[in-house]
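Overview (structure and organization)
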Amino acid sequence: VNSRCEKCEENCDICYNNNICNKCSLPLNLYNEDCLQNCPIGYVDVNGVCIRCPENCGSCNKDINKCFTCINETLLYEKQCVHECPYYGYFADEINGEKVCSKCNSDCATCINKDLCTSCNQGLHLQFVNNKEGTCQNECSESFVSINN
């Protein structure tokens, strides 16, 4: 039986069976047996290998436990990608094209944006700006009356 040595494909340092790459030449990254300049969306380079980020993460840290961006219509909340923001204290927002959960004004229990509350924290009164939302006040302004629900 004759054996022969074959060189791995270009940009591949270690290969096996019919030239399937197992380790890429630096600075390339191994992804599905291919050597790529950059890992695809949803993957992160960990020592030259593209590792999958958590579900719905577009990008993440090398420890694969913190998302930086989200995909699939999810929102970034405390370094995780979620389908909905927590009901209390947060609202769905968009910052620099990224969908995120942003904090409501500190007086709001619930809100639709940073300044418009749909309910207030204990001891505050919701003073309507329109029929559904408003601002939280210590006391009702002139021409408003306090009503307990």
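Up top is the structure.
Residues numbered from 1 in each chain as written. Predicted model: local features only at pLDDT ≥ 70, side-chain atom pairs only at ≥ 80, totals over all residues. Heavy atoms only, no water.

Here we take up the packing of aromatic side chains. Counted by the stated rule, this structure contains three aromatic pairs. Between the aromatic rings of Tyr-77 and Tyr-90, the centroid separation amounts to 5.0 Å while the plane-to-plane angle is 85°, which identifies the pairing as edge-to-face. Residue Tyr-77 is found in strand E9 (residues 75-77), and its partner Tyr-90 is found in strand E11 (residues 90-95); the two are separated by 13 residues along the sequence. The pair Tyr-77 / Tyr-90 is uniform in exposure class, with both members buried. With centroids separated by 4.9 Å and ring planes inclined at 85°, the aromatic side chains of Tyr-87 and Tyr-88 adopt a geometry described as edge-to-face. Taking NZ or CZ as reference, Arg-52 lies 5.3 Å from the ring centre of Tyr-43, over its face. (Phe/Tyr/Trp six-rings, centres within 6.5 Å; stacked < 30°, edge-to-face > 60°. Helix = DSSP H or I, 4+ residues; strand = E, 2+ residues; numbered from the N terminus. Buried < 20%, exposed > 50% of the residue type's maximum accessible area, 1.4 Å probe, protein only. Lys NZ or Arg CZ within 6 Å of the ring centre and 35° of its normal.)

Moving on, we get to the pairing of strand E12 (residues 98-103). Both E11 and E12 contribute to a ladder of six bridges, which runs antiparallel. Counted as the bridge partner of Ile-95 is Glu-98 from E12. Linking E11 back to E12 in an antiparallel pair, the connection comprises two residues, with Asn-96 at a positive phi of about 50°. (Pairing = 2+ DSSP bridges.)

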